[in-house]
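# Commentary on secondary and tertiary structure
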Amino acid sequence: MSDKRSSIEEAVASLESGMTIGIGGWGSRRKPMALVREMLRRDDLTDLTVVAFGGPDVGLLAAAGRIRRLVYGFVSLDSIPLDPLFTRAREQGLLEIEEYDEGMFVTGLRAAAARLDFLPIRAGLGSDVLPANPHLRTVRSPYSDAEYVAMPALPLDVALVHMNRADQSGNAQFLGPDPYFDDLFAMAAQRTIVSAEQVVPTEDLLSEGSFHTLLFSRMYVSTVVEAPRGAHFTTCEPDYGRDEAFQRHYATSAKDPDAWQLFDRTFLQTDEAGYHRAVAQFHAPEGDA
Amino acid sequence: MTTDATLAEICIAACADTYLDSGEILAHAVGVIPTLGARLAKLTSAPDIVLTDGEAFLLSGPPTPGLADASAPAVEGWAPFRRIFDILATGRRQSMMGASQLDAFGNQNISLIGDWDRPTRQLIGVRGAPGNTANHRVDYWISRHSARIFVESVDMVSGVGNDRARQASLQFHHLGVIVTNLAVFDYDTAGRVKVRSIHPGVDPQSVVDATGFAIDVAGSPETRRPDAEELRLIRDVLDPRGSRSREVAD
């Protein structure tokens, strides 16, 4: 089995402007934030199509002007309903938008994973999702008079996911309560970059969770990045929960241009180690800094 | 213990009543009052409904923070997000959702305010509303009934209303009721929102004034008050810390 480990810089250097990039996780949960932060450091990486159940990944990339087109089911920070960076970009008309019902979005990933053009689904009929996405078509059942939405496949050039554990060849494990749709993202993509809290020897994969937690196989994975606290400030249960104080700081800063400049300088204009030092500083008791 | 129910408690009982004929379905509830309504129904009139912890687990019963010595409900099933979509497609689910806008045919909007191309306010997105309304019963909960929410037409149909569902021949479309802090509504044979009951102590004219489309309040009955046992369960067992009054003030 090949060793697919890579530095975060090398992994993200393989991304190119104009690509369609799927980002795993859900809202403000188990987002590959370390990879997203590295994408923000790549000033030349623009014109992206981002496909996600969005959280701060979408907010940050949208605010940095990296997203041309956003394909999503929702964008939310969970405990804070809306991401201010995303809503502002959207209200300024800066993004091309494909907004889907959540089930439609999953069906689009399933279609791509199965190398089909589309899959039928009932969701969307009668709603304004159809007129808002004029490329959508319906399909007549060959067996009855029923009509369904022909949800087009959402094929990805690259998927980015963050997992609890992976081995060096890319077998990926979730230890939290919910796998989200990370395996579907991986199967819908030409290649997948997995960041993981820990890269462990293959024989240790079952030491923390049963075989049911082995979410997807190295067959789908091209690159493995060890990124401890790589989902921060989103959740990575059971390794850590959401950093609610920091998320509040993110959302509050995002609403004010001056505060955002300071946030950007403090947390984003630095490398991954610098980010985590700045977060530690943020949490240090007053006077301790 | 007083038997005078608060407005919040009346709303909880009205939410619980949405499960009377539901049978063995997954109860999905958004908001404090709807969540308490589903839990109350589980303990009273609808013991077969399936509750979740709001995350990935199905629970054998409601959390009971008022019973200090009670054990936590058992996990009886695993339902991560992917399974939720599978469950709703089978129809074995019932939702009570919120709404940023709701029109006279029960079309609901949670996506955006203004134009699609350049919204004045981007909201959460349609989320699961199109799929929920295409697949199983959906009720709505409005904690602050106003003419900004009850509008003539919504800006982006997320949850499908009765007129749209008929046009699209949605076989499994089923809108139940709308519970607000003022009244309970259902739908007439033409699919239009109509008053089912007005909460005790609420002036019927205030319901008319707070609704942005024509509504007839003449002869509306009062919403039922929860009985003594329901009040005991709400106050002492399910919500001893009174979180319900933060969503609907006493």
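Preceding this section is the structure that the text describes.
Now for a look at the structure at hand. Source: prediction; values computed, not measured.

## Concerning the environment of Tyr180(A)
Residue placement: Tyr180(A) occurs in the loop between strand 9 (172-173) and helix 7 (182-188). As a C-alpha pair, Tyr180(A) and Trp26(A) span 154 residues in sequence and 6.4 Å in three-dimensional space. Every residue in contact with Tyr180(A), bar those within four places of it in the chain, is listed here: Gly25(A), Trp26(A), Arg29(A), Arg30(A), Thr235(A), Phe81(B) and Arg82(B).

## Considerations on a nonpolar patch on the surface
All names here are of chain A. Together, Leu-206, Phe-211 and Leu-214 make up an exposed nonpolar region whose accessible area comes to about 300 Å². Topologically, Leu-206 is positioned in the loop between strand 10 (189-199) and strand 11 (214-216). We classify Leu-206 as partly exposed; its relative accessible area is 48%.

## Remarks on unusual backbone geometry
Looking along the chain, the bond that leaves His232(A) and enters Phe233(A) is cis, with omega of 10°. In this fold, Phe233(A) is placed in the loop between strand 12 (223-226) and helix 8 (244-254). Put simply, Glu237(A) and Pro238(A) share a cis peptide bond, and its omega is -5°. Structurally, Pro238(A) is set in the loop between strand 12 and helix 8. Its identity is not glycine, yet Asp47(A) carries a phi of approximately 65°, on the positive side. Along the polypeptide, Asp47(A) turns up in the loop between helix 2 (33-41) and strand 2 (48-54). In the Ramachandran plot, Ser169(B) falls in the positive-phi region, its phi being about 50° despite a non-glycine side chain. As for its position among the elements, Ser169(B) is in the loop between helix 5 (162-167) and strand 11 (174-180).

## A short note on the sheet that holds strand 7 (residues 147-152) of chain A
Each strand in a sheet pairs with another by means of backbone hydrogen bonds, the pair being arranged parallel or else antiparallel. Residues and elements named next belong to chain A. On the basis of which strands lie adjacent, the open sheet formed by three strands has the order 5-7-6 and antiparallel pairing. Each edge of the open sheet is held by one strand with a lone partner, namely strand 5 (118-121) and strand 6 (137-140). Strand after strand, the sheet turns through a mean of 40° between neighbouring axes, direction not considered. Pairing geometry for strand 6 and strand 7, over four bridges, is antiparallel. Across the sheet, Arg-137 pairs through a bridge with Ala-150, a residue of strand 7.

## A word on the packing of aromatic side chains
Two numbers describe a pair of aromatic rings. These are the distance of the centres and the angle of the planes. Per the counting criterion, the structure on display carries 25 aromatic pairs over all chains. Ring centres of Phe246(A) and Phe267(A) lie 4.8 Å apart, and the angle between their planes is 85°; on these two criteria the pair is classed as edge-to-face. In this pair, Phe246(A) sits in helix 8 while Phe267(A) sits in helix 9 (residues 257-268), placing the two residues 21 residues apart along the sequence. By relative accessible area, which is 0% here, Phe246(A) ends up buried. When the centroid spacing of 6.1 Å and the interplanar angle of 65° are considered together, the rings of Phe150(B) and Phe213(B) count as edge-to-face. Of this pair, Phe150(B) sits in the loop between strand 10 (137-142) and helix 5 while Phe213(B) is found in the loop between helix 6 (204-209) and helix 7 (228-238), placing the two residues 63 residues apart along the sequence. By the burial criterion, Phe150(B) is buried, and Phe213(B) matches it. An aromatic cluster of at least three residues, connected via ring pairs, comprises Trp26(A), Phe53(A), Phe74(A), Phe105(A), Tyr180(A), Phe181(A), Phe185(A), Phe81(B) and Phe85(B). Positioned above the aromatic ring of Tyr275(A) is the side chain of Arg37(A), whose terminal nitrogen or guanidinium carbon lies 3.7 Å from the ring centre. Across from the ring centre of Phe74(A), 3.7 Å away, lies the NZ or CZ of Arg127(B), which sits over that ring.

What counts and how
- Residues numbered from 1 in each chain as written.
- Chains lettered and ligands numbered in written order.
- Predicted model: local features only at pLDDT ≥ 70, side-chain atom pairs only at ≥ 80, totals over all residues.
- Heavy atoms only, no water.
- Helix = DSSP H or I, 4+ residues; strand = E, 2+ residues; numbered from the N terminus.
- Contact = heavy atoms within 4.5 Å.
- Patch = residues over 30% accessible without salt bridge, like charges linked within 9 Å, V, L, I, M, F, W, Y side chains within 5 Å.
- Areas by Shrake-Rupley, 256 points an atom, 1.4 Å probe, with all protein chains shown as cover.
- Salt bridge = Lys/Arg side-chain N within 4 Å of Asp/Glu carboxyl O.
- Buried < 20%, exposed > 50% of the residue type's maximum accessible area, 1.4 Å probe, protein only.
- Pairing = 2+ DSSP bridges.
- Axes fitted to C-alpha atoms, helices over the stretch in contact; angles between N-to-C directions.
- Phe/Tyr/Trp six-rings, centres within 6.5 Å; stacked < 30°, edge-to-face > 60°.
- Lys NZ or Arg CZ within 6 Å of the ring centre and 35° of its normal.

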